[in-house]
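# Analysis of the macromolecular model
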Amino acid sequence: MHTVDQENVSATLTVAVPAAKVFAVLADPTTHAAIDGTGWVQEAADRAPLTEVGQIFRMDMHYAKHPDGDYRTANQVVVLDPPRAIGWLTGYEKDDGQLELGGWIWRYDLTPLGPSETEVTLTYDWSAVPQFRREYIQFPPFGPEHLANSLHHLAELVSGR
């Protein structure tokens, strides 16, 4: 199931795995390439688990329509509530090392439905993207099926399939 709003898109899937196990996979940047439904995420440049709000982690990416093709994102954790929610803003590091966030957030909300079942909702929210960015990036830059694909990849990963 997925929904599209004016400034966000989300998808929900129930997995037969405890919320803590799902959260642990999401908090591990090395799993993000396997979860990603677009194929843009290539590899974690920072491999440490996500453990605190404000933490920065970088991902190597590839997108044919990106001006550079290959690029690196710098993501800042903005939600960390184990095992119920995790989310990050995506941006990049400028030449001077300063973080430039784009205004869009990736967020996973986990609702335990019992000891071994979890409802997972993935939301991509671009409501805080400034107008100047919206002039050259169409939001969302992918179809709503991307989120459903990501959740199915997550389910396969956490269930060991």
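Before reading further, recall that the structure is shown in the block above.
Residues numbered from 1 in each chain as written. Predicted model: local features only at pLDDT ≥ 70, side-chain atom pairs only at ≥ 80, totals over all residues. Heavy atoms only, no water.

It is the contact of helix α1 (residues 19–26) with helix α4 (residues 145–159), at a shortest axis distance of 10 Å, that shows an interaxial angle of 110 degrees. Looking at the two axes, α1 sits roughly perpendicular to α4. Of the two possible hands of crossing, α1 and α4 adopt the one that is right-handed. Of α4, the residues touching α1 (which contributes K21, V22, V25 and L26) are L154, L157 and V158. Among the residues making up the contact of α1 with α4, the classes are represented as six nonpolar, no polar and one charged. (Axes fitted to C-alpha atoms, helices over the stretch in contact; angles between N-to-C directions. Helix = DSSP H or I, 4+ residues; strand = E, 2+ residues; numbered from the N terminus. Parallel < 35°, antiparallel > 145°, perpendicular 65-115°, else oblique. Left-handed = near helix turned anticlockwise from the far one by under 90°. Contact = heavy atoms within 4.5 Å. Nonpolar A, V, L, I, M, F, W, Y, C, P; charged D, E, K, R; others polar.)

What follows deals with unusual backbone geometry. Residue P83 follows P82 across a cis peptide bond; omega there is -10 degrees. Within the secondary structure layout, P83 lies in the loop between β5 (70–81) and β6 (85–93). A cis amide bond links F139 to the next residue, P140, at an omega of -10 degrees. On the secondary structure map, P140 appears in the loop between α3 (131–134) and α4.

Another point: the nonpolar core. Grouped together as the largest cluster of nonpolar side chains are 40 residues, with contacts concentrated most on V22, I86, Y108, Y124 and L154. What V22 contacts, discounting residues up to four positions off in sequence, is V15, V17, L110, T118, V120, L154 and V158. (Core = buried A, V, L, I, M, F, W, Y, C linked by side-chain atoms within 4.5 Å. Buried < 20%, exposed > 50% of the residue type's maximum accessible area, 1.4 Å probe, protein only.)

One can find S127 in the loop between β8 (117–125) and α3. Here the alpha-carbon distance between S127 and P29, two residues 98 residues apart in the chain, equals 24 Å. Once residues within four sequence positions are removed from consideration, S127 is found in contact with E7 and R134. Here the side chain of S127 touches D125 through a polar contact of 2.7 Å, side chain to side chain. (Polar contact = N/O pair within 3.5 Å; in protein donor to acceptor, adjacent residues only side chain to side chain.)

Here we take up the environment of A48. Mapped onto the fold, A48 is located in the loop between β3 (41–44) and β4 (56–62). Assessed through its relative accessible area of 44%, A48 is described here as partly exposed. Residues A48 and T30, 18 residues apart in the sequence, show an inter-C-alpha distance of 8.3 Å. Beyond its immediate sequence surroundings of up to four residues, A48 is in contact with P29 and Q55.

The next point concerns the packing of aromatic side chains. The way to describe two aromatic rings as a pair is by their centre distance and the angle between their planes. Tallying each qualifying case throughout the model produces eight aromatic pairs. Ring geometry for W106 and Y124: centres 4.5 Å apart, planes at 55 degrees, overall tilted. In this pair, W106 is assigned in strand β7 (residues 99–114) and Y124 in strand β8, connecting sequence segments 18 residues apart. What makes Y124 buried here is its relative accessible area of 2%. An aromatic cluster is built from W104, W106, Y124, W126, F139 and F142, whose rings are joined through pairwise contacts. (Phe/Tyr/Trp six-rings, centres within 6.5 Å; stacked < 30°, edge-to-face > 60°.)

It is worth stressing that arrangement in space is one thing and function is another; only the former is reported here.
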